[in-house]
2 protein chains.
Amino acid sequence: MSVRHALLALLAEGPKYGLRLRQEFQAQTGEVWPLNVGQVYTTLHRLEKEGNVESDEVDGTQKRFRITAEGSRELQRWLHTPPDTDAPPRDELVIKVQVALRMPGVDVMELLQVHRRHMVEAMQRYTHLKAETPPGEVGLGLVIDAQLFRLEGIVRWLDAAEARLRHLPDQSWAASDVDLAPDTGSLRQRANALGGNR
Amino acid sequence: MSVRHALLALLAEGPKYGLRLRQEFQAQTGEVWPLNVGQVYTTLHRLEKEGNVESDEVDGTQKRFRITAEGSRELQRWLHTPPDTDAPPRDELVIKVQVALRMPGVDVMELLQVHRRHMVEAMQRYTHLKAETPPGEVGLGLVIDAQLFRLEGIVRWLDAAEARLRHLPDQSWAASDVDLAPDTGSLRQRANALGGNR
DNA sequence: ACACAGTATTATACCGAGTACACATCCCTC
DNA sequence: GAGGGATGTGTACTCGGTATAATACTGTGT
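Residues numbered from 1 in each chain as written. Chains lettered and ligands numbered in written order. Predicted model: local features only at pLDDT ≥ 70, side-chain atom pairs only at ≥ 80, totals over all residues. Heavy atoms only, no water.

Let's talk about the overall build of chain A
To keep it simple, the criterion reads: In DSSP terms, a helix is any run of H or I states spanning at least four residues, a strand is any run of E spanning at least two, and both are numbered starting from the N terminus. Working definition: with a 1.4 Å probe on protein chains only, accessible area under 20% of the residue-type maximum means buried, over 50% means exposed, and in between means partly exposed. Contacts are residue-level and defined by heavy atoms, with any inter-residue pair within 4.5 Å sufficient. Only the protein chains shown count as cover for residues, and all accessible areas are computed by the Shrake-Rupley method using a 1.4 Å probe.
Broken down by element type, chain A carries 7 helices and 3 strands. Moving toward the C terminus, one meets the helices and strands of chain A in the order α-β-α-α-β-β-α-α-α-α. The 198 residues of chain A split such that 50% are buried. Put simply, 54% of the contacts in chain A that link residues at least 6 apart link residues at least 24 apart. Accessible surface, chain A: about 9,600 Å² in total, of which carbon and sulfur atoms supply 53%.

Printed below as a string of structure tokens:
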């Protein structure tokens, strides 16, 4: 979703060949965000098909890619367009907790704890990694920070979830099919409360 | 990635037909996480192909899906396996900032501000939505909380990024191709600092 | 000089999640 | 009994991503 534009940006600095793009991408983000070799070429080809990139003549074994005017425009457009904040991504962990709530015989509290511990451990690893990356590596630093803040948010959410569930009558969560008819229920139609944005 | 297991879990409560699954999924997560009709059937079919689900005989116009023993096992396995914390997801916003850093003529600080404002606005919308959802709706509450914590993490990251860039010699970030040879550079091979986990 | 190994570079076949849209059926009403 | 709307299912397609094939270059030992 975003590798495309990253490559476009690297090409905006001048024509490069495929693997060079991968090198430069990974030079910024280090071992944290590896980039599959194949993906470079697939996205490059897709970019070419869309007219955002042109490929120069083959020079020996390697091929040079150039950004087009169209590509530059697309890049600028993307840069200044904030990402969609409605329709939040379907988070795996959140779904897992939802599932655990409905399933009988699953100790939700323990599940929360297990995952919390896991997240905290990951945070420690990244904190350590952060400590030993030279302060000049701005790109890598930003990536690590992003991961740290993300993990911290998850931990906080887990805590909030635990609190929420603790102050709740036992089992009151399971299967609130209140507005579901026994077999053929009608879809809940709530007014879209998020209309104000797009 | 996770809708699959959500459907599996709903089927663990008993055989259901396709649209029923969609109803129940959306009953928990409300308008925040809509579920495309087609996706229900595509994932259902994929689950069937993997042997996690069986489809009963067609009863009139609708078709009943049952979970298999294999499916139950898979569900349990998934429930207790924490998600991968190495290889963090490639975040669009982070990439955007990275790109902005390298591109000449882009006001990075302003870009940070624009996106920060956008995130805060989204948070306000979700806070409002949260305020008006009945406390009984645990599922929806959890989803909204998750989104709020996520957005808050992003805002904090943006602030940290701004601070980091402010205390940096001007333009010292652009294109740190330190270890890239002029044309054919060798890939940076840093010791994998994240080995301790898997 | 030749075989062999390794690696750099590109290309392609494939997969899974997700979307749009078409198709079929039932039921209600006029 | 002919629309019309809700209900229910299926399919063709896009898109990001991965694994792996295919090809050419480079060095090394004997």
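Still more ground to cover, so stick around.
Observations regarding the relation of the copies chain A and chain B
Both copies of the chain are related by one operation, a rotation about an axis with a shift along it. Selection rule: The atoms used to superpose the copies are C-alpha atoms, taken from residues with pLDDT of at least 70 in both, and the fit is least squares.
Screw-axis analysis of chain A against chain B gives a translation of 0.0 Å along the axis, an RMSD of 0.1 Å, and a rotation angle of 180°. Both copies are brought into coincidence by an operation consistent with a two-fold rotation axis. Considering only C-alpha atoms, the residue of chain A closest to the rotation axis is Gly 153 of chain A, which sits at 2.8 Å. Looking at the interface residues of chain A, 100% of them are also at the interface in chain B, so both copies use one shared face.

Here we look at the nonpolar core
Short version of the rule: What is meant by a nonpolar core is a set of buried Ala, Val, Leu, Ile, Met, Phe, Trp, Tyr and Cys residues, joined one to another through side-chain atoms within 4.5 Å.
The biggest cluster of nonpolar side chains holds 107 residues, and the ones touching the most others in it are Trp 157 of chain A together with Trp 157 of chain B. Leave out the neighbours within four places in its chain, and Trp 157 of chain A touches Leu 93, Val 94 and Val 97 of chain A together with Leu 142, Asp 145, Ala 146 and Phe 149 of chain B.

Topic: the protein's contact with DNA strand C
Filter applied, for reference: When we say a residue is near a molecule or strand, we mean one of its heavy atoms is within 4 Å of it. N or O atoms closer than or at 3.5 Å make up a polar contact, with two conditions inside protein: a donor-capable atom paired with an acceptor-capable one, and, for residues adjacent in sequence, both atoms drawn from side chains. Asp, Glu, Lys and Arg are counted as charged, while Ala, Val, Leu, Ile, Met, Phe, Trp, Tyr, Cys and Pro are counted as nonpolar; the rest, among them Gly, fall into the polar class.
Neighbouring DNA strand C are 21 residues; Tyr 41 and Lys 63 of chain A together with Arg 4, Gln 39 and Arg 46 of chain B lie closest to it. Within the backbone of Lys 63 of chain A, a nitrogen or oxygen atom sits 2.6 Å from a phosphate oxygen of DNA strand C. Arg 4 of chain B is positioned with one of its side-chain polar atoms (N or O) 2.7 Å from a phosphate oxygen of DNA strand C. Broken down by secondary-structure element, the contributors of at least two residues to the surface near DNA strand C are helix H2 (18-29), helix H3 (37-50) and strand S3 (62-67) of chain A together with helix H1 (3-12) and helix H3 (37-50) of chain B. In terms of residue count, H3 of chain A provides more of the surface near DNA strand C than any other element does, 5 residues in total. Taken together, the residues of the surface near DNA strand C break down into 6 nonpolar, 11 polar and 4 charged.

Digging into the interface of chain A and chain B
Formally: When two components associate, each loses some accessible surface as probed by a 1.4 Å sphere; the sum of these losses over both components is called the buried area. Should a side-chain nitrogen of Lys or Arg be within 4 Å of a carboxyl oxygen of Asp or Glu, the pair is scored as a salt bridge.
Counting from both sides, the interface comprises 97 residues of chain A and, opposite them, 97 residues of chain B. Carbon and sulfur atoms supply 59% of the area buried between chain A and chain B, which totals about 9,200 Å² over both sides. Linking chain A with chain B are 8 salt bridges, by the criterion used here. Between Glu 13 of chain B and Arg 102 of chain A there is a salt bridge, with the nearest N and O atoms lying 2.7 Å from each other. Summed over the shared surface of chain A and chain B, the number is 28 residue pairs in polar contact (both at pLDDT 80 or more). When contributions to the side of chain A that touches chain B are tallied by element, the ones reaching two or more residues are helix H1 (3-12), H2, S3, helix H4 (69-79), helix H5 (92-102), helix H6 (108-131) and helix H7 (138-166) of chain A. In terms of residue count, H7 of chain A provides more of the side of chain A that touches chain B than any other element does, 20 residues in total.

Brief notes about the environment of Glu 57 of chain B
Looking at the secondary structure, you find Glu 57 of chain B in strand S2 (residues 53-59). Ignoring any residue separated from it by four or fewer positions in sequence, one finds Glu 57 of chain B in contact with Gln 62 and Arg 64 of chain B.

Here's the deal with the protein's contact with DNA strand D
Near DNA strand D, the surroundings consist of 23 residues, among which Arg 4, Gln 39 and Arg 46 of chain A together with Tyr 41 and Lys 63 of chain B are the closest. Protein-adjacent atoms of DNA strand D, using a 4 Å cutoff, are sugar or phosphate at a proportion of 67%. In the model, a phosphate oxygen of DNA strand D is placed 3.1 Å from a nitrogen or oxygen of the Gly 18 of chain B main chain. Breaking the surface near DNA strand D down by element, the ones donating at least two residues are H1 and H3 of chain A together with helix H2 (18-29), H3 and strand S3 (62-67) of chain B. No other element matches H3 of chain B, which puts 5 residues into the surface near DNA strand D. Counted by class, the surface near DNA strand D contains 6 nonpolar, 13 polar and 4 charged residues.

Some points on the pattern of salt bridges
With the rule as written, the count across this model stands at 34 salt bridges over all chains. Asp 145 of chain B is paired through a salt bridge with Arg 164 of chain A; the nearest N and O atoms lie 3.0 Å apart. Of this pair, Asp 145 of chain B sits in helix H7 (residues 138-166) while Arg 164 of chain A sits in helix H7, each in a different chain. We note a salt bridge from Glu 24 of chain B to Arg 20 of chain B, for which the minimum N-O separation is 2.8 Å. Linking Glu 24 of chain B with Arg 20 of chain B, this pair stays in helix H2, spanning 4 residues, or about one helical turn. Taken as a pair, Glu 24 of chain B and Arg 20 of chain B share a single burial class, namely buried. Through salt bridges with shared partners, a single network forms among Glu 13, Lys 16, Arg 20 and Glu 24 of chain A together with Arg 102 of chain B.

Focus on the side chain of Thr 43 of chain A
Counting through the fold element by element, Thr 43 of chain A comes out in helix H3. Assessed through its relative accessible area of 9%, Thr 43 of chain A is described here as buried.

Focus: the packing of aromatic side chains
What characterises a pair of aromatic rings is the spacing of the ring centres plus the angle enclosed by the ring planes. So the rule is basically this: Geometry of aromatic contacts follows a simple scheme: Phe, Tyr and Trp rings, the Trp one being its six-membered ring, pair when their centres are within 6.5 Å, and the pair is stacked under 30 degrees between planes, edge-to-face over 60, tilted otherwise. Remark: a charge is flagged as sitting over a ring if the NZ atom of Lys or the CZ atom of Arg is within 6 Å of the ring centre and within 35 degrees of the ring normal.
A complete count under the given rule lists 0 aromatic pairs over all chains for this structure. Positioned above the aromatic ring of Trp 78 of chain B is the side chain of Lys 96 of chain A, whose terminal nitrogen or guanidinium carbon lies 5.0 Å from the ring centre.

Structural notes on the confidence of the model for chain A
Caution applies to low-pLDDT regions: their predicted coordinates should not be interpreted in detail. Defined as follows: pLDDT expresses how confident the predictor is about each individual residue, on a scale running from 0 to 100.
Confidence in the prediction for chain A averages 83 pLDDT; 83% of positions are at 70 or higher. In this model, residues 176-198 of chain A is a region of pLDDT below 50 whose contacts with residues beyond four sequence positions or in other chains number 36 contacts.

Some remarks on a nonpolar patch on the surface
Put simply, the test is: Patches here: salt-bridge-free residues with over 30% relative accessible area, like charges joined within 9 Å, nonpolar side chains (Val, Leu, Ile, Met, Phe, Trp, Tyr) joined within 5 Å.
Taken together, the side chains of Leu 19, Val 37 and Tyr 41 of chain A present a nonpolar region at the surface, about 220 Å² in accessible area. Tracing the sequence through the fold places Leu 19 of chain A in helix H2.

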